[in-house]
Amino acid sequence: LEPLSMGAIGGAVAMGMYFKEYTYCRFSECCDDRSIPARIHELERSLESTLIGQHIVKQHIVPALKAHIASSDKSRKPLVISFHGQPGTGKNFVADQIANALYLKGSKSNYVTKYLGQADFPNESQVGSYKAKINLEVRQTLRSCPRSLFIFDEVDKMPSGVFDALTSLVDYNAFVDGTDNTKAIFIFLSNTAGSHIAGHLGSMMKNGRLREDTRLSDFEPLLRKAAYNMDGGMKKTTMIESLVIDHFIPFLPMEKAHVIKCLEAEFVRWFRDPTQPKAQEIIEDIINSSISYDRTHSLFAISGCKTLEKKVAMAIH
Ligand SMILES: Nc1ncnc2c1ncn2[C@@H]1O[C@H](COP(=O)(O)OP(=O)(O)OP(=O)(O)O)[C@@H](O)[C@H]1O
């Protein structure tokens, strides 16, 4: 090419970049600070005011995200977190809040991908093609934005081995065929070890320990072991063997007092005052008629705060 036309091309590229940064990206989602504001303080505030009964989650999630984001230039691997707990303890609730705080468009962002174990990976016989699918999609998303968030829900309902494909994507490999994985965040949600968490917490409480005094270290070894051995997506995967999961976070089972708080929060969501006698009556009725507790300790609500939304809606209308 003639030097003149090279100059013209360079000019056009510069114009294009200028246009993208100052015009297009001001209105549409781009992989930049405007679209990914990473509002950690907002996350901290919203968890503090909305998350019930999960002191360990509150203690560890914000510092883990803060450290990963603050050190993003020096990061050598993505942040990988695994949430464990019984249904209705807040795993999706927290994952959604993380997406909403980090991305302007929240869970609807193009850089937030959510997979559902049962719906997206239903067949044991197709593990091979699922692995290829995850591998391809994760790489594609990372290429369009290294600061992507991947949420894998119902990990325990995925056929085992699916995650072997992910190990190389989340491991210490700053660049996988030119794909930057070091700024990404992976969150895995499962019921795995939920009953073990409940059993262990129940025993500690029986021995006089306060729920709020329990620590991550009380549960972490149990979670690590359970994730490796239990049926589901992580069973005996290289992902556990190669220690790429940075944090195992236990979601504690909900007690009656927590379920009552969840019911009160539902009333507030409907702009109703939960302290009104009528509301208190409905709450008491739901607690007495539709909450069942675990058999061992008779302390923990089996379905946590799940399904309360519909029950409150029904009672109000
Ligand atoms: N710890 C909690 N604090 C406040 N609200 C909660 C909590 N846990 C659950 N909820 C309420 O219950 C709803 C359902 O909970 P969520 O979907 O987070 O459960 P989950 O732990 O992901 O369950 P599953 O394992 O079945 O997917 C939430 O949208 C929220 O309204």
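Data block above holds the structure.
Rules behind the numbers
- Numbers given for residues are sequential positions, taken from 1 along each chain in its written order.
- At least 70 in pLDDT is required for a residue's local features to be given in this predicted model, at least 80 for side-chain atom pairs to be given and counted, and no such filter applies to totals for whole chains, interfaces and linings, which use all residues.
- In computing side-chain properties, one takes all heavy atoms of the structure into account and sets aside hydrogens as well as water.
- Per the convention used, a helix needs a DSSP run of H or I reaching at least four residues, while a strand needs a run of E reaching at least two, with both numbered from the N terminus.
- Only protein chains enter the accessibility calculation, which uses a 1.4 Å probe; a residue whose area is less than 20% of its type maximum is buried, one above 50% is exposed, and one in between is partly exposed.
- Accessible areas in this description were obtained via Shrake-Rupley with a 1.4 Å probe; residue shielding takes into account the shown protein chains only.
- We call a pair of cysteine sulfur atoms a disulfide when they lie within 2.5 Å.
- Just to be clear on terms, a salt bridge is a Lys or Arg side-chain nitrogen sitting within 4 Å of an Asp or Glu carboxyl oxygen.
- Definition of nearness: a residue and a molecule or strand are near each other if at least one heavy atom of the residue lies within 4 Å of the molecule or strand.
- Two N or O atoms count as a polar contact when they lie within 3.5 Å, although within protein this holds only if one can serve as hydrogen donor and the other as acceptor, and sequence-adjacent residues are included solely when both atoms are side-chain atoms.
- Being paired, for any two strands, means DSSP has found at least two bridges between them.
- Each nonpolar core is a collection of buried residues, namely Ala, Val, Leu, Ile, Met, Phe, Trp, Tyr and Cys, held together in the definition by side-chain atoms within 4.5 Å.
- Should any heavy atoms of two residues lie within 4.5 Å, those residues are considered in contact.
- Whenever a helix is involved, its axis is fitted only over the stretch in contact; in every case the axis is a line through C-alpha atoms, and angles between N-to-C directions fall within 0 to 180 degrees.
- Comment on the angle field: the value is read as roughly parallel under 35 degrees, roughly antiparallel over 145, roughly perpendicular from 65 to 115, and oblique elsewhere.
- For any helix crossing, the convention is left-handed if the near helix is rotated counterclockwise from the far helix by under a right angle, and right-handed if that rotation is clockwise.
- Two residue types count as positive, namely Lys and Arg, and two as negative, namely Asp and Glu; His and chain ends fall outside the count.

A word on the overall build of the chain
From N to C terminus, the chain includes 13 helices and 7 strands. Here the chain holds 317 residues, and the buried ones make up 45% of them. For the chain, the exposed surface amounts to about 16,200 Å²; the carbon and sulfur share of it is 55%.

Some remarks on the state of the cysteines
One pass over the full model with this rule turns up 3 disulfides. Disulfide partner of C262: C305, at an S-S distance of 2.0 Å. Judged by the sign of its S-S torsion, about 85 degrees, the cystine formed by C262 and C305 is right-handed. You can see C262 sitting in helix α11 (residues 256–269) and its partner C305 sitting in the loop between α12 (277–290) and α13 (308–316), a full 43 residues away along the chain. Using a relative accessible area of 13% as the deciding quantity, one classes C262 as buried. Counting only the cysteines that form disulfides, in the order they appear in the chain, gives the pairing 1-2, 3-4, 5-6.

Side note on unusual backbone geometry
With a phi close to 55 degrees, E154 is a non-glycine residue in the positive phi region. Here E154 lies in the loop between β3 (149–153) and α7 (164–170). The phi dihedral of A193 falls on the positive side, at around 70 degrees, and the residue is not glycine. Topologically, A193 is positioned in the loop between β6 (185–190) and α8 (194–206). Under the relative-accessibility criterion, A193 is labelled buried at 2%.

Quick word on the pattern of salt bridges
Evaluation of the coordinates by the stated rule reveals 14 salt bridges. Look at the salt bridges and you will find they share partners, linking E266, R269, E309 and K310 into a network.

Overview of the site of the ligand
Around the ligand, the surrounding shell holds 17 residues, and the nearest of these are I52, K91, N92, N191 and K306. G88 is positioned such that a nitrogen or oxygen atom in its backbone is 3.0 Å from an oxygen atom of the ligand. Taken by itself the ligand offers 630 Å² of open surface, and the protein chains cover 81% of this. No other element matches the 3 residues that helix α4 (residues 91–102) contributes to the shell around the ligand.

A few points about the pairing of β3
Of all 5 residues in β3, 5 are buried, a share of seventy percent or more. In β3, alternate side chains face the same way, and those of L149, I151 and D153 on one face and F150 and F152 on the other are all buried. Pairing analysis gives 4 bridges linking β3 to β6, with the strands arranged parallel. The partner of F150 across the bridge, within β6, is F186.

Quick look at the nonpolar core
Counting 36 residues, the largest nonpolar core has V138, F152, L166, F186 and F188 as its most contacted members. Elements that contribute at least two residues to this core include exactly α6 (127–144), β3, α7, β6, α8 and α9 (216–229). With residues near it in sequence (within four places) discarded, F186 still touches P78, L79, V80, I81, V138, F150, F152, L166 and V170. Judged by nonpolar contacts, the second largest core, of 29 residues, contains L47, Y103, V112 and C145.

Notes on the environment of I283
Within the fold, I283 resides in helix α12. We classify I283 as buried; its relative accessible area is 3%. I283 sits 29 residues away from V312 along the chain, and the two C-alpha atoms are 8.2 Å apart. I283 has contacts with I260, L263, E264, F267 and P274, leaving out every residue within four places of it along the chain.

A closer look at the packing of α8 against α9
Put simply, α8 and α9 touch, their axes get as near as 10 Å, and they point 150 degrees apart. Between α8 and α9, the angle is such that the two are roughly antiparallel. Considering the relative orientation of α8 and α9, their crossing is right-handed. Of α9, the residues touching α8 (which contributes H196, I197, H200, L201 and M204) are D218, F219, L222 and L223.

Remarks on the side chain of E29
For E29, the location among the structural elements is in the loop between α1 (3–27) and α2 (40–50). Within polar-contact distance, the side chain of E29 engages the side chain of S109 at 2.7 Å. Reaching out from E29, the side chain makes a polar contact with the backbone nitrogen of N110 at a distance of 2.8 Å. Apart from residues lying up to four places away in sequence, E29 is in contact with R34, S35, K105, S109, N110 and Y111.

Here's the deal with the side chain of K91
Its place among the elements puts K91 in helix α4. Salt bridges are absent for the buried K91, whose nearest opposite-charge side chain, D153, sits at 6.8 Å. Dropping the residues within four chain positions of it, K91 is found in contact with F83, H84, G85, Q86, L189, S190, N191 and F251.

All quantities given are derived from atomic positions and should not be read as evidence of function.
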